[in-house]
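One-letter residues, chain by chain:
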Amino acid sequence: MGIGTSIFLIAVGAILAFALDANIGGVSLDVVGWILMAAGVLGLIMTTLVWGRRREVVTTAEPVEYRRGGGGGGTPPPGGSSPSRAGRGRRPP
């Protein structure tokens, strides 16, 4: 349930609880309004908690930096081309 849906439930519940005074089939619209407002507030709280968790900043160890060239003799980056494959498929000039 999103923020918009929660606000909509709160608004409809408030209209039923405070603006109307009727019973339909033995059901009090006041009670239905209070239930809708409670569901809207609960949905608003839950949505806020879920979105708050998504925005947490997670820090990990510093990323590994791969550098090409320099003759360091290190390993190439994952998925990168190795020096022995660099010239395949091309003719020498």
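Here is what the cut-offs are and how they apply
Residues numbered from 1 in each chain as written. Predicted model: local features only at pLDDT ≥ 70, side-chain atom pairs only at ≥ 80, totals over all residues. Heavy atoms only, no water. Helix = DSSP H or I, 4+ residues; strand = E, 2+ residues; numbered from the N terminus. Buried < 20%, exposed > 50% of the residue type's maximum accessible area, 1.4 Å probe, protein only. Contact = heavy atoms within 4.5 Å. Areas by Shrake-Rupley, 256 points an atom, 1.4 Å probe, with all protein chains shown as cover. Phe/Tyr/Trp six-rings, centres within 6.5 Å; stacked < 30°, edge-to-face > 60°.

A.B. asks: Describe in detail the overall build of the protein chain, supporting the description with residues and values.
C.D. replies: Helix and strand counts for the protein chain come out as 2 helices and 2 strands. Taken from the N to the C terminus, the helices and strands of the protein chain come in the order α-β-β-α. Counting over 93 residues, the protein chain shows a buried share of 12%. Considering only contacts in the protein chain between residues 6 or more positions apart, those separated by 24 or more positions represent 42%. Summing over all exposed atoms, the protein chain offers an accessible surface of approximately 8,000 Å²; the carbon and sulfur share of this is 62%.

A.B. asks: Give me the lowdown on the packing of aromatic side chains, citing residues and values where you can.
C.D. replies: Taken as a whole and judged by the stated rule, the model has 1 aromatic pair. On the basis of an interplanar angle of 85° and a centroid distance of 5.5 Å, the ring pair of Phe18 and Trp34 is categorised as edge-to-face. A residue pair is termed long-range when its members are at least 10 positions apart, and Phe18 in helix H1 (residues 3–19) and Trp34 in helix H2 (residues 29–54) qualify at 16 residues. Taken individually, Phe18 and Trp34 each receive the classification exposed, so the pair is uniform in this respect.

A.B. asks: Please set out the environment of Val31 residue by residue, giving values where relevant.
C.D. replies: Residue placement: Val31 occurs in helix H2. Considering only alpha carbons, one finds Val31 and Gly13, 18 residues apart in sequence, at a separation of 9.0 Å.

Structural measurements only, silent on function.
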